[in-house]
Amino acid sequence: VDFWDGPPSDTGSVELGGAPVSDGRAVFTTSVALPAGQQYVYAVYDGSPSYAGSQNSVEQTVNPIPLSIVADDQTVAIGAKMPAFTFTGGGFVNGDSSASFTIQPTCSSTATVDGSGNDTSPAGTYPITCAGALDPNYTIGYVAGALTVT
């Protein structure tokens, strides 16, 4: 019996694996990563001289995985060029990285800059927050960082 992530006749379907029939059943496991959402796994039996071929499907829900986006801490001297605000993602699976986001997050701070991008804030600590990331395979949470103006 072969197992597919959609109707085998669909162009985008991927074979998940196969298993022999034993005592009237076929059981398999797979390491193929399915995207989050409703998925239909199809079992296809090609038949034998004694039995006709058949196929059936089961609906499965693949839940998104929690992912944290942490704003990286930064330091800037008063009047100096504001650094680029960056982030680190934690919790990626299946070879994903921040390049996998459908929409990249943006990070900003409440510290102020002039028209040239230089800091105009007084010395102190300001939050760096990120928002807006999108990837349907993850439930994204955010952790603020700190901008220290010295």
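Just above, that's the structure.
Residues numbered from 1 in each chain as written. Predicted model: local features only at pLDDT ≥ 70, side-chain atom pairs only at ≥ 80, totals over all residues. Heavy atoms only, no water.

K.L.:
Would you mind going over the sheet that holds strand β1 (residues 2-4) with me for this structure?
P.N.:
Pairing between the strands of a sheet is mediated by backbone hydrogen bonds and can be parallel or antiparallel. Strand order in this open sheet of four strands is β2-β1-β3-β4, and the pairing throughout is antiparallel. Single-partner strands in this sheet number two, and they are β2 (15-18) and β4 (54-62). Neighbour to neighbour, the strand axes of the sheet diverge by 20 degrees on average, direction disregarded. Bridging between β1 and strand β3 (residues 37-45) involves three bridges; their strand directions are antiparallel. Bridge pairing in β3 places D2 opposite V44. (Pairing = 2+ DSSP bridges. Helix = DSSP H or I, 4+ residues; strand = E, 2+ residues; numbered from the N terminus. Axes fitted to C-alpha atoms, helices over the stretch in contact; angles between N-to-C directions.)

K.L.:
What exactly am I supposed to notice about the packing of aromatic side chains here?
P.N.:
Here the distance between the centres and the angle between the planes together describe a pair of aromatic rings. A complete count under the given rule lists three aromatic pairs for this structure. Centre to centre, the rings of F87 and F101 are 6.4 Å apart; their planes meet at 50 degrees, and the pair counts as tilted. You can see F87 sitting in strand β7 (residues 87-90) and its partner F101 sitting in the loop between β7 and β8 (106-109), a full 14 residues away along the chain. Looking at F87, the relative accessible area reads 21%, which means it is partly exposed. Judged by centre distance (5.7 Å) and plane angle (80 degrees), the rings of F92 and Y138 are edge-to-face. With F92 in the loop between β7 and β8 and Y138 in strand β10 (residues 138-143), this pair connects stretches of sequence that are 46 residues apart. By relative accessible area, which is 6% here, Y138 ends up buried. Here a set of aromatic residues connected by ring pairs shows up, and it is made of F87, F92, F101 and Y138. (Phe/Tyr/Trp six-rings, centres within 6.5 Å; stacked < 30°, edge-to-face > 60°. Buried < 20%, exposed > 50% of the residue type's maximum accessible area, 1.4 Å probe, protein only.)

K.L.:
Any chance you could explain unusual backbone geometry here in plain terms?
P.N.:
Excluding glycine, residues mostly have negative phi values, and the peptide bonds linking residues are mostly trans. If you check the backbone angles, N94 has positive phi at about 55 degrees while not being a glycine. As for its placement among the helices and strands, N94 is situated in the loop between β7 and β8.

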